[in-house]
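Take a look at the letters that make up each chain.
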Amino acid sequence: MAQERKEESFMIKLSTLIVDKRKGFYLIFIVLIIFSVIYMNKVKVNNDLTSYLPETTETRQGLDLMEEQFTTYGTARVMVCNVTKEEAQLISKRLEGLEGVSMLSFDDSEEHYHDMEALYDITFQAEAKDAVAQEYLSNVLAELEKYDVYYSSDIGQEERDASDLNHDMIIILLLAAVVIVAVLLFTSTTYAEIPVYLATFIVAAILNKGSNFIFGTISFVTDSIAVVLQLALAVDYAIILCHRFMEEHEDKDAREAVIVALSKAIPEISSSSLTTVSGMIAMMFMQFRIGYDMGIVLAKAILLSLVSVFFLMPGLLLTFARAIDKSHHRSFVPKITAVGKFCVHTRFIVPPLLVAAVIGAAWISGKTNYVYDVNSLESKIMSDNKFSASMVNREFGTINQLAVMVPRGDYEKEAAVLRALERMPEVNSCMGLANIEAMDGYMLTEQLSPREFSELIDLDIEVAELLYSAYAVDNSNYGALLSGVDEYKVPLIDMFLFIYDQKEAGNITLDAELEEKLTDAYSQISIARDQLLGEEYSRFVLELSVPTEGEETYAALQRIRDTVAGYYEEDSIVLAGNATSNKDLSASFGIDNTIITVLTALFVMIILLFTFQSAGLPVLLVLTIQGSIWMNFSLPYLTGESVYFLGYLVVSAIQMGATIDYAIVITSRYMEIKTYLPIRQAIVETLNQAFPTIVTSGSMLVAAGFIISNISSNAVVAAIGLALGRGTLTSIALVLLVLPQTLLVGDIIIEKTAFTLKREMVKPLPAGGRIRMNGRIKGYVNGVVDGEFIGVIEGEMGAVVRAKDTVENVDLDSQYTRDAELTPTASEQEQQDIEPNPREIQEGDEEGGRKA
């Protein structure tokens, strides 16, 4: 008891400090808001999901290798509609002459022309990330402005995606704000509390968005949904404090009411937030590191929401107290007594159905088709950028490219590998230095003697021999000089690059015609070299005929690896592309799924174990929510749809961590109410009391999910939103329509597995009348009474007292004490026998229990 007083005293002191120093806290929040507004634009957004692949995956290693050793020039696929073949040919020549266009592929085959539509594959003389590449692309589009043009390009893709996301987020936040205000108007009891809620939410959101600068870079997924999810997940905390204030303000002045309310709300809100934070923490253990990115930002969002509720909202409540008092209105949330009665009547039917449904849903969700390629997703709304790219892909198909990297140094072996790959049915085309034609049928890597080289470029044989001799000296190949350079053969690409370097250094002089020919050749050769030849590796670029994901694709990747392994050590071969990325994501999905499922369930069960002091209750609650997760992801299988894997992982964590709160609200109220009401009546009253909280928080999260799904033009974000909205709706349905029956049937399990073995004996009061008592009463008398009481109580009653306390029925002048049973009136005796143990009342007749 002394410890409780000490803790209560501390909470009161802390709350008093927060309330009385509210202006100081206002100043602190103003400074933090200014800081956050300044720094939120300094946060970089990463639009590349592959960058979050684990370092151990082949795709991540391959992408890093390509970044280090190869240059990736900007490319574009440009489709011009409603042109004849002759017009298409003329357009091709015009585009080839534009500044920055290094290569253009176009012919009259169906791959580039059909149905009055022409496709130009363009490579520019700058890397995709360079600003000048965007200028080159703009020049091409400007040249074609009179035509009906669609294009897809890696140039400026991140900027276009960021612009689309920013546009989407403005609309999403506006719609979410409308929904939040509408829900608060519907569920609140005063109009003036709504500005308090909104100010608290907005400040928390700004602080979270601005504080992301500590991470430097966050993913586009996190950036898109963090604000909306923060509002939907943390709304409960503000509602709890506001409702506490309303209760305390009935008999206290505003200042004292805020202090007492805050002192009671801090431990309640803190414990409520643990389950939500635990779901975010579970995400941080995912192998796919975007889980860490989202988990840490959302966990921070919850913590900053707590800070806003604990340190900002109390001052706002006090500031708006007078307006709150003057703006009371009736609650528009209806009673759901009918739902409670339905739960009572179906208590023996629904739990077995739940078990069967959970087992079935677990099996079906495992058969759902999960996809890993972003390009296989479609959002309901497409930006101009996405629509343009989709038109190109629809008319001329998507390109499934694969990069194969092998140790450099043996051009003959590379040529043999490329020939073997070209024969494979899975490969539409492959390109490497060894199969790119340089001049007159000679490949870039083909080895030529001085005579063959001189004939190729129209050079005197004596000059060619001198150049070959210089090349041998430069490469310290003195044996070639001793044996004579006549038979000395050098790869064509190496000789071209050597001559050009010597010319640039001023060591040799060429006539104008040869110099022009050499310069043109060098431009093409250097582009090929930069893209296909690294310091340690050579790169082959393949276009595959298989889809970007699926078992067929993964089997094709293995056959390609086996083919290349016939010429190189298997450990030295590196594959990278959309197909390998999807394969790696598929492999990590199973592990991440297990991590999310086990950790969220484990964290939540531990929290519930200490919250309810029962071993059986956490199992019932987790089973209900996990069942809703499986049901959520079973629906796509039944409707023939596919599920994006990231949506499953993210929503599983959020659904378990956040919607478990709805189950906790019902369970905690039920555990309290059943102490003074029969369990059947207790569950009806529980649903009526818990429904406003659940409908407020739940409707916001459902709305947030569906708004994101229907507004976002980014297919990944839209997929997560759809899964979140549908999952939250499923959880709410199970919590309201299935959990009550489970609690009723499992009540005996809850009691038998409770940790508190010694309980104080209690006995029920009469259902009505007038009594005099001295002791502790808990329950309601036209309202709820809980406390030490000395005096007379008159009215309708549904409460219990300790068996040791004295209760006197004033009308009958009867008394009973510790071991005496309550003596009912004559009319009550006709209805039932009263038992002193409320547990026996709960097992007895419902009507008799009510009258007791």
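These numbers come from a predicted model, not from an experiment.

A tally of regular secondary structure across the protein gives 33 helices and 22 strands. Buried residues in the protein amount to 53% of all 852 residues. Put simply, 76% of the contacts in the protein that link residues at least 6 apart link residues at least 24 apart.

Counted by the stated rule, this structure contains 22 aromatic pairs. Residues Y370 and Y648 carry aromatic rings whose centres are separated by 5.3 Å and whose planes lie at 75° to one another, so their mutual orientation is edge-to-face. Here Y370, found in strand β8 (residues 369-371), pairs with Y648, found in helix α26 (residues 645-673); they are 278 residues apart in sequence, far enough to count as distant. For Y370, a relative accessible area of 12% translates into the label buried. Ring geometry for Y644 against F645: centres 5.0 Å apart, planes inclined by 70°, an arrangement best described as edge-to-face. On the basis of relative accessible area, Y644 is assigned to the buried category, the value being 3%. The exposure class assigned to F645 is buried, which follows from its relative accessible area of 1%. Here the aromatic residues F288, Y370, Y372, F589, F633, Y644, F645 and Y648 are joined through ring pairs into a cluster of three or more. In this structure, K42 is placed above the aromatic ring of Y39, and the distance from its NZ or CZ to the ring centre is 5.9 Å. The side chain of K413 reaches across the aromatic face of Y568, ending 5.0 Å from its centre.

It is at 11 Å that the axes of helix α8 (residues 220-248) and α26 come closest, and there the two elements cross at 15°. Taken together, α8 and α26 sit at an angle that is classed as roughly parallel. For the element pair α8 and α26, the recorded crossing hand is right-handed. Of α26, the residues touching α8 (which contributes V221, L229, L233 and D236) are L646, I654, A658 and D661.

The subject of this paragraph is the pattern of salt bridges. According to the stated counting rule, one finds 14 salt bridges in the structure shown. The residue E67 makes a salt bridge to K129 at a minimum N-O spacing of 3.4 Å. Separated by 62 residues along the polypeptide, E67 in helix α3 (residues 58-69) and K129 in the loop between β5 (117-127) and α5 (131-143) bring together distant segments of the chain. We classify K129 as exposed; its relative accessible area is 62%. Through salt bridges with shared partners, a single ionic network connects E248, D251, K252 and K264.

Strand order in the open sheet made by the four strands is β10-β15-β9-β16, with antiparallel pairing throughout. With one partner strand each, in any of the chains shown, β10 (427-431) and β16 (574-577) form the two edges of the open sheet. On average, adjacent strands in this sheet sit at an angle of 25° to one another, irrespective of strand direction. Note: strand β9 (residues 401-407) against strand β15 (residues 537-544), seven bridges, orientation antiparallel. Paired with M405 across the bridge in β15 is R539. Strands in contact with α3 are β9, β15 and β16; relative to β16, the strand with the most contacts, it is inclined by about 90°. On the sheet, helix α22 (residues 551-565) packs against β9, β10, β15 and β16 and is oriented at approximately 25° with respect to β9.

Tracing the sequence through the fold places T548 in the loop between β15 and α22. On the basis of relative accessibility, which here comes to 17%, the residue T548 falls in the buried class. A polar contact of 2.7 Å, which involves the side chain of T548, links it to the side chain of D373. The residues contacting T548, other than those within four sequence positions of it, are D373, N400, T553, N578, A579 and N582.

Glancing now at the pairing of β9. Buried residues dominate β9, accounting for five of its seven residues. In the sheet, β9 pairs with β16 via four bridges, with the strands oriented antiparallel. Looking across to β16, one finds that A403 is bridged to A576.

What follows concerns the nonpolar core. V221, F288, V404, L542 and L646 are the most contacted members of the largest nonpolar core, which has 169 residues in total. Here the element with the most residues in this core is α8; it accounts for 19 residues. The residues touching V221, leaving out its near neighbours within four places in the chain, are L49, I290, M294, L646, V716, V717 and I720. The next biggest cluster of nonpolar side chains, apart from the first, holds 37 residues, and it includes M439, F453, V490 and Y500.

Counting through the fold element by element, S365 comes out in helix α14 (residues 350-367). Sequence-distant contacts of S365, defined by excluding residues within four places in its chain, comprise Y370, W630, F633 and S634.

Turning to helix α18 (residues 461-474), a few remarks are in order. Here α18 is 14 residues long and its end C-alpha atoms lie 20 Å apart, about the 20 Å a rise of 1.5 Å per residue gives. The complete set of buried residues in α18 reads I461, A464, L467, Y468, Y471 and A472. Around the axis of α18, the buried residues are gathered within 140° of arc, so they sit on the same side. In α18, the exposed positions angled more than 90 degrees off the buried face are occupied by E462, L466 and D474. Those residues of α18 hidden inside the fold are in contact with β13 (447-448), α17 (450-457), α19 (478-483), β14 (490-491) and α20 (492-505).

It should be kept in mind that the predicted coordinates are not to be read in detail where pLDDT is low. Summarising the model, the protein shows a mean pLDDT of 82, and 88% of its residues fall at 70 or more. Every residue in residues 1-7 scores below 50 in pLDDT, and together they form zero contacts with partners more than four places removed in sequence or on other chains. Taken together, the stretch residues 811-852 has pLDDT below 50 and engages in 75 contacts with residues farther than four places along the chain or on a different chain.

Residue M116 is not a glycine yet carries a positive backbone phi of 65°. With respect to the helices, strands and loops of the structure, M116 is situated in the loop between β4 (113-114) and β5. The class for M116 is partly exposed, based on a relative accessible area of 39%. The backbone of D458 sits at a positive phi, close to 65°, despite the residue not being glycine. Topologically, D458 is positioned in the loop between α17 and α18. The exposure class of D458 is exposed, given its relative accessible area of 69%.

Okay, the environment of G616 next. Its place among the elements puts G616 in helix α24 (residues 616-632). Of the residues examined, G616 reaches a relative accessible area of 11% and is grouped as buried. Between the alpha carbons of G616 and K752 there is a distance of 8.3 Å; along the sequence they are 136 residues apart. Filtering out sequence-adjacent residues up to four positions away, G616 remains in contact with I749 and T753.

Remark: α20 packs on helix α21 (residues 512-532), axes separated minimally by 10 Å, with the N-to-C direction vectors making an angle of 120°. Classed by the angle they form, the pair α20 and α21 counts as oblique. Read as a crossing pair, α20 and α21 show a hand that is left-handed. Between α20 and α21, the contacting residues are I493, F496, L497, I499, Y500 and K503 on the first element and E515, L518, T519, A521, Y522, I525 and R529 on the second. Its residues assigned to classes, the contact of α20 with α21 shows nine nonpolar, one polar and three charged.

Our focus in this paragraph is the environment of I269. Relative to the assigned elements, I269 resides in helix α9 (residues 254-283). A residue is classified by how much of its surface remains accessible, and I269, at 0% relative accessible area, is buried. Put simply, I269 and A238 are 31 residues apart on the chain and 8.8 Å apart in space, counted from C-alpha to C-alpha.

Here is what the cut-offs are and how they apply
- Throughout, a residue's number is its position along its own chain's written sequence, starting from 1.
- Residues qualify for local features only when their pLDDT is at least 70, as the model is predicted, and side-chain atom pairs are given and counted only at 80 or more; totals for whole chains, interfaces and linings, by contrast, use all residues.
- Hydrogens and water are ignored here; the side-chain numbers use all heavy atoms of the structure.
- Secondary structure follows DSSP: runs of H or I at least 4 residues long count as helices, runs of E at least 2 residues long count as strands, and numbering of each begins at the N terminus.
- Categorising residues by exposure relies on relative accessible area from a 1.4 Å probe, with only protein chains included: less than 20% of the type maximum marks a residue as buried, more than 50% marks it as exposed, and the intermediate range marks it as partly exposed.
- Any pair of residues with heavy atoms lying within 4.5 Å of one another is described as a contacting pair.
- Two aromatic rings, drawn from Phe, Tyr or Trp (for Trp, its six-membered ring), form a pair once their centres lie within 6.5 Å of each other, and the interplanar angle then sorts them: stacked below 30 degrees, edge-to-face above 60, tilted otherwise.
- Two limits define a charge over a ring: the Lys NZ or Arg CZ must be within 6 Å of the ring centre, and within 35 degrees of the ring normal.
- To define axes, lines are fitted to C-alpha atoms, for helices over the stretch in contact only, and angles between the resulting N-to-C directions are given on a 0 to 180 degree scale.
- Throughout, the term roughly parallel applies to angles under 35 degrees, roughly antiparallel to angles over 145, roughly perpendicular to angles from 65 to 115, and oblique to all others.
- If you view the pair so one helix is near and one far, a crossing is left-handed when the near helix is turned anticlockwise from the far one by less than a right angle, and right-handed when it is turned clockwise.
- Salt bridges are defined by distance alone: a side-chain nitrogen of Lys or Arg within 4 Å of a carboxyl oxygen of Asp or Glu.
- For two strands to be treated as a pair, DSSP must find no fewer than two bridges joining them.
- Polar contacts, as counted here, are pairs of nitrogen or oxygen atoms within 3.5 Å of one another; within protein the pair requires one atom able to donate a hydrogen and one able to accept it, and residues that are adjacent in sequence qualify only if both atoms are side-chain atoms.
- Residues belong to a common nonpolar core when they are buried Ala, Val, Leu, Ile, Met, Phe, Trp, Tyr or Cys residues joined through side-chain atoms within 4.5 Å.
- Multiplying one less than the number of residues by 1.5 Å gives the expected span of a helix.
- In this description, the arc belongs to the directions extending from the helix axis to the C-beta atoms.
- Think of pLDDT as the predictor's per-residue confidence, scored from 0 to 100.
- Three classes are used: nonpolar for Ala, Val, Leu, Ile, Met, Phe, Trp, Tyr, Cys and Pro, charged for Asp, Glu, Lys and Arg, and polar for all others, with Gly counted as polar.

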